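Here are the chains, one letter per residue:
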Amino acid sequence: MTASRTTAQTLPLPDDAALAASRRLLDRLAAELAANGNWIPFTRYLELVLHEPGLGYYAAGARKFGAGGDFVTAPELSPLFGRALARQVAQVLQPGDALLEFGAGSGALAGQLLGELDCPYFILETSADLRERQRQRLGERVQWLERMPQRFRGVMLANEVVDAMPVHAVAWRGDGIFERGVCANEGQLAWSLRPAEGAVLAAARTLAIEPPTSGAYESEIGLIAPTWIRLLARALERGAILVADYGFPAREYYHPQRSTGTLACHYRHRVHGDPFYLPGLQDITAHVDFSALARAAGAGGLDVLGYASQAQFLINCGITKLLEKEDPADTKRYLPLVSAVQTLLAPSEMGELFKFLALGRGVGAPLLGFASGNRAHAL
Ligand SMILES: C[S@@+](CC[C@H](N)C(=O)[O-])C[C@H]1O[C@@H](n2cnc3c(N)ncnc32)[C@H](O)[C@@H]1O
């Protein structure tokens, strides 16, 4: 996703219907808080505001993608993203294999890949609203799955899906490790701390974070994403899992200077830091800890096949060669393509923050996308 950082005061106001939908979600949150002693973990808050059927940001009717939505993803930016990625997928696919895309959004990436590849295409999408939009765009060429298949051969793909998986919010202070949850305070949603327990405390301790002498070191811990990787590992008989998203290895993610974490809220192409602003009308994301995904893959018996910046991966897959084949004289088509490729590759835009991680089983050859600039050693 690309957008500029802003503050909640400067955000455009939604229309009456959107405000009414957000109020219905607030009622749902109030009921959940009342039933739980006025405290829920942030991960539960995210489940509700992002994924609650009919109410959450992804599950309800917000436009989300493109110019009239809240953010733009790589396949929305340029068809060359999908065409370059197709070359990596083609290298792994064997006769009879399939492609399984998680969280296909508007269906843009599926459209691009289907234009390049001839294999069965499955989508596993949690949002009923988006599933419907994908059906309208892609028709009969795709089959939608309700749950993970028990066995799979081929390529599984998730572009900007892991950042939408709920995370725990954690604060390390001089007097201990706390879980940041959500409460209602004088009619407003607010942060509230409790001593961390169980799996969150165990995961927080393994990070060996030195708390500051005053105040707190705050960050996020994703427990759902590694569990999801283990599930995929169980199903994958042969092939690769490609995860593309913004994030870092643990050493960078939990760097002492990143002391306010990675949460970011996306609303009408602005990025801000208030997750309680208009619940259900904005996307809320956390960066991905790629080391945690690699560890989960190892525990599930998968190999790490590569880890690289998006720029390096797309260049290795030949995105600049694809651009060279376009006709510069056709300026109406060519100039937007050049500008989009710049956004995908520039280190100050999506090129460096976004990464590709490839995991796999039984894939012999080194993968094309990691032929140069493979940073798997950093995970
Ligand atoms: C930010 S959008 C990215 C969409 C698309 N992949 C793209 O690159 O344009 C996140 C997508 O993941 C879906 N999603 C979120 N959590 C999911 C999960 N656990 N399994 C499958 N899809 C999920 C959302 O409904 C949405 O389609």
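Residues numbered from 1 in each chain as written. Predicted model: local features only at pLDDT ≥ 70, side-chain atom pairs only at ≥ 80, totals over all residues.

**Some remarks on the pairing of strand 4 (residues 121-124)**
When strand 3 (residues 98-102) meets strand 4, the two strands line up parallel, connected through 4 bridges. The residue bridging glutamate 101 from the neighbouring strand is isoleucine 123, located in strand 4. Each parallel crossover has a hand, and for strand 3 linked through helix 5 (residues 108-116) to strand 4 it is right-handed. In this fold, the crossover linking strand 4 to strand 5 (residues 142-145) by way of helix 6 (residues 128-138) has right-handed handedness. (Pairing = 2+ DSSP bridges. Helix = DSSP H or I, 4+ residues; strand = E, 2+ residues; numbered from the N terminus. Right-handed = clockwise from strand over helix to strand, strands pointing away.)

**Describing unusual backbone geometry**
If you check the backbone angles, glutamate 160 has positive phi at about 55° while not being a glycine. With respect to the element layout, glutamate 160 can be found in the loop between strand 6 (152-159) and strand 7 (168-173). Residue classification places glutamate 160 among the buried residues on the basis of 23 C-beta atoms within 10 Å. The backbone of histidine 269 sits at a positive phi, close to 65°, despite the residue not being glycine. (Buried ≥ 20, exposed ≤ 12 C-beta atoms within 10 Å, placed from the backbone.)

**Brief notes about the site of the ligand**
Thr73, Gly103, Gly105, Ser127 and Asn159 are the nearest of the 20 residues found near the ligand. Of all elements in the fold, only helix 3 (74-77) and helix 5 reach the threshold of two or more residues within the shell around the ligand. (Near = placed C-beta within 6 Å.)

**What about the nonpolar core?**
Nonpolar side chains in soluble globular proteins tend to end up buried together. Formed by 112 residues in total, the largest nonpolar core has its most connected members in Val155, Met156, Leu242, Leu293, Leu357, Ala358 and Leu359. Among the elements that take part in this core, strand 11 (residues 236-248) stands out by supplying 8 residues, more than any other. Formed jointly, this core draws a minimum of three residues from each of two domains, domain 1 (4-58 + 165-223 + 254-285) and domain 2 (74-153 + 225-249 + 300-362). (Core = buried A, V, L, I, M, F, W, Y, C linked by C-beta atoms within 7 Å. Domains from an automatic or database assignment.)

**Re the domain arrangement of the chain**
We note that the domain assignment places domain 1 (4-58 + 165-223 + 254-285) and domain 2 (74-153 + 225-249 + 300-362) within the chain. Distance from the C-alpha centre of domain 1 to the C-alpha centre of domain 2: 28 Å. The partner domain 2 presents 8 residues to the 6 residues of domain 1 that form the contact. Of the residues in the side of domain 1 that touches domain 2, the class split is 4 nonpolar, 2 polar and no charged. (Contact = placed C-beta atoms within 7 Å. Nonpolar A, V, L, I, M, F, W, Y, C, P; charged D, E, K, R; others polar.)

**Notes on the environment of glycine 139**
Relative to the helices and strands, glycine 139 resides in the loop between helix 6 and strand 5. Judged by the 9 C-beta atoms lying within 10 Å of it, glycine 139 falls in the exposed class. For the pair formed by glycine 139 and cysteine 317, sequence separation is 178 residues and the distance between their alpha carbons is 28 Å.

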